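Chain residues, written in single-letter form:
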Amino acid sequence: MSVQNNKINARILEGQFGLEKESLRVDQEGFLAHTPHPFDDIKQIDRDFCENQIEIITGVHDSVNGVYEELKSLHHLAIKRLYYLESGKEYIWNCSNPPYVKNDEDIPIAKFHGPLKDKELYREYLSQKYGKKKMLYSGIHFNFSFTKEYLEQAFQESKEKDFRIFKDNLYLNLAQNVVRFGWLIVYLTAASPLMDGSFLDYKDLGKDILSPYASGRCSEIGYWNEFVPILDYSNLASYVDSIQEYVDLGQLKSAGELYYPVRLKPLGVNTVNNLKENGVNHIELRNIDLNPLADIGIQKEDIYFLHLLLVYLSTLKFDSIADFEQVMSIKNIKESARFNDKEIRIETGWDQSENIRRLTLKVLGQMEEFFNQFDRKDIKNILSYQKNKVENSRERYVKRIMNAFEEGYVLHGLHSSEEYAKQVLAE
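Residues numbered from 1 in each chain as written. Predicted model: local features only at pLDDT ≥ 70, side-chain atom pairs only at ≥ 80, totals over all residues. Heavy atoms only, no water.

Q: Got a sec to walk through the overall build of the chain? Specific residues and values, please.
A: Counting secondary structure elements, the chain contains 14 helices and 13 strands. For 427 residues, the compact-globule estimate of 2.2 N^0.38 gives 22 Å, and the C-alpha radius of gyration of the chain, at 21 Å, lies within 12% of that figure. Across the 427 residues that make up the chain, the buried fraction comes to 56%. Taking the contacts inside the chain whose residues are at least 6 apart along the sequence as the reference set, 73% of them involve residues at least 24 apart. Accessible surface, the chain: about 18,800 Å² in total, of which carbon and sulfur atoms supply 47%. For the chain, the centre of its 53 positive side-chain charges and the centre of its 65 negative side-chain charges are spaced 2 Å apart. (Helix = DSSP H or I, 4+ residues; strand = E, 2+ residues; numbered from the N terminus. Rg over C-alpha atoms; globule rule 2.2 N^0.38 Å. Buried < 20%, exposed > 50% of the residue type's maximum accessible area, 1.4 Å probe, protein only. Contact = heavy atoms within 4.5 Å. Areas by Shrake-Rupley, 256 points an atom, 1.4 Å probe, with all protein chains shown as cover. Lys, Arg positive; Asp, Glu negative; His and termini not counted. Charge placed at Lys NZ, Arg CZ, Asp CG, Glu CD.)

Written out as C-alpha cells, the structure reads:
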C-alpha cells in the first residue's frame, strides 16, 4: 500500500455531494401506514420498494452543509405533509429496522402505471426472490464526486495521456478501496441494535429484540445477494462486463439487483451501458444506517467523515483487489455489523486478523497523519469525533440507542417521531 502522490493537491478536499434517505411511514399507533404515497407532486420524494416507504433524494451540492440543509428541508416538508393528511396523522419512522409488521400484506409493493409499470413488476420479482420483510430495511446512500477542476489538475500531474481513462481508473481504485474498508463505515455508523420481534417471526408481534447486530441491514441477516459477486476492477469496461455477466447467467435480473456496499454511477440514466459508454460520474456508498439519535437520520459529522474517508482512500494504491480479498471484504463488512465489538475481528490477510476497535484507531490515526498536511481544525474535529466513539464505548451510537430506548423499541421510536414532528411544526 502507498499514497499515490507525496504532494497532495489541496483541491482534493473539494467535491460534490448528494444524499438519498429511505424511511418508512407509520400511523399514530406505530403500525406501517396503508395510505397511498402522498408525495406524487414532489419529484424529490419518491417511493422505494413498497408504497409506505419513501425515499428523499437531494440535488447535487458543492458542500456537506449544503446537502445536509436540503435533506433537512425535504425531511421537514415530508413531516408537515404527513402530519396534516386528511386520512389521519402519519410520521416518518426514524430507524433502519421496521416497527411492527403484522404480515406480508402489511408491506404493499409500490404501484406504478403506464411506462413505469416495469418498476412494479421488478419489485414483485424482488419480493418473491428475497422476501418482503428484508425490503423494509431503510438506510442512507451517500453520493460523491471530485470536482472537475481537481480531476483535471490531477490528470495533468499524473502525466497520463487520456483524461477519461484517468478519471475512470481513479474511481475504480477508490471503489475497490471502499470495499476493502467498508467494515469501517459500518462500524462507525451502525445504529440499529434493536428490532421488533415481528420482523423475525410474525408470531412475536410487539416483542422487543436486542439482536446480536449493531446493524441488521449490513449484517448476515441483511439485504445481500445470494452469492458474493466478484468484480473486475482492472478497467471500466471489464468492471461493467463482470457485472453484466451475472445478469447474463441469470443470477441477477439487472445490474440494479447488485446489492453491494459501493456502486460506480454515470451521469444521467443509471445503466451499465451508459456507465461503459460515458464513464464514471460519481461513487455511491450504500451501507449507512438511519440514526434515530439524529433529527433527520444522519449526523452532519458523519457526512463530513464519509467525505474525508473517500478523499483518503482515493490516495491509497494497493495491488488490484483479488477474488479472495473481495470475499474476505464482504465477510468483514458483515462481521463489523455485530454488536459486541470486543469480539469482532477483521481479516487483514491469509490467517491474519485484528480486533475491530484496534484496527479502527489505527486507520483513523493514519487519516490524521494524512490530513495534518492541510492543518485544518474542522478536519481534526471530525476525526476526533469518530475516535471518541471507539475510545469511549458508551459513545457508540448503538450503546446510546440502547439507553435512549429503555421504554421499548416501537414505543420510543413512535414517541421520538412524534416529538420531532412537533418541533418541526413549531418552527
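Q: Describe the pairing of strand E6 (residues 139–145), with residues and values.
A: Where a strand is regular, its side chains alternate between the two sheet faces. Among the seven residues that make up E6, seven are buried, leaving the element largely enclosed by the rest of the structure. The side-chain alternation of E6 yields two buried faces, one formed by Gly139, His141, Asn143 and Ser145 and the other by Ile140, Phe142 and Phe144. Bridge analysis of strand E2 (residues 16–27) against E6 gives six bridges, and the strand direction is antiparallel. Bridge pairing in E6 places Glu20 opposite His141. Taken together, the five bridges between E6 and strand E10 (residues 282–289) define a ladder with antiparallel strand orientation. Paired with Ile140 across the strands is Ile288, a residue of E10. (Pairing = 2+ DSSP bridges.)

Q: Mind laying out helix H12 (residues 377–391), listing which residues take part and the relevant values?
A: For H12, which comprises 15 residues, the first-to-last C-alpha distance of 20 Å matches the rise-based estimate of 21 Å (1.5 Å per residue) to within 8%. The inward-facing, buried residues of H12 contact helix H5 (182–189), helix H9 (300–314), helix H11 (356–371) and helix H13 (397–404). (Expected span 1.5 Å × (residues − 1).)

Q: Hey, could you go over the confidence of the model for the chain for me, with residue numbers and the actual values?
A: When pLDDT is averaged along the chain, the result is 94; 96% of the residues meet or exceed 70. Counting contacts from residues 1–5, a segment whose pLDDT is below 50, to residues more than four positions away or on other chains yields 13 contacts. (pLDDT = per-residue confidence, 0-100.)

Q: Lay out the packing of H11 against H12 in plain terms, naming residues and giving numbers.
A: Taken N-terminus to C-terminus, the directions of H11 and H12 make an angle of 170°; their axes are 10 Å apart at the nearest point. Between H11 and H12, the angle is such that the two are roughly antiparallel. Counting all contacts with H11, which are made through Arg357, Thr360, Leu361, Leu364, Met367, Glu368 and Phe371, the residues of H12 involved are Ile379, Leu383, Gln386, Lys387, Val390 and Glu391. Residues belonging to the contact of H11 with H12 are distributed by class as follows: seven nonpolar, two polar and four charged. (Axes fitted to C-alpha atoms, helices over the stretch in contact; angles between N-to-C directions. Parallel < 35°, antiparallel > 145°, perpendicular 65-115°, else oblique. Nonpolar A, V, L, I, M, F, W, Y, C, P; charged D, E, K, R; others polar.)

Q: Could you give an account of empty space enclosed by the protein, with specific residues and numbers?
A: For the structure on display, the rule yields three cavities of 30 Å³ or more. Taken as a whole, the largest cavity spans an internal volume of roughly 60 Å³. As for the largest cavity, its lining consists of Tyr187, Leu188, Ala190, Lys389, Val390, Arg396, Tyr397 and Val398. Of all the elements in the fold, those that place two or more residues in the lining of the largest cavity are H5, H12 and H13. Classifying every residue of the lining of the largest cavity gives six nonpolar, no polar and two charged. (1 Å grid on protein atoms, 1.4 Å probe; cavity = no way out; pocket = protein on both sides within 12 Å on 5 of 7 lines; lining within 4 Å. Points joined across faces, edges and corners; volume = space filled by probe spheres on them.)

Q: Break down helix H10 (residues 323–336) for me, citing the residues and quoting the values.
A: At 3.6 residues per turn, the α-helix brings residues three or four places apart onto the same side. Over its 14 residues, H10 runs 20 Å from end to end, which matches the ideal 20 Å to within 8%, given 1.5 Å per residue. When we look at burial in H10, the residues that qualify are Glu325, Gln326, Met328, Ser329, Ile330, Asn332, Ile333 and Ser336. Buried-residue contacts for H10 involve helix H4 (163–180), H5, strand E12 (345–349) and H11.

Q: Requested: an account of the packing of helix H3 (residues 148–158) against H4, with residues and values cited.
A: Where H3 contacts H4, the axes come no closer than 10 Å and their chain directions differ by 105°. The angle between the axes of H3 and H4 places the two elements in the roughly perpendicular class. On H4, the residues that touch Leu151, Glu152, Ala154, Phe155 and Ser158 of H3 are Phe163, Phe166, Lys167, Leu170 and Tyr171. A per-class count over the contact of H3 with H4 returns seven nonpolar, one polar and two charged.

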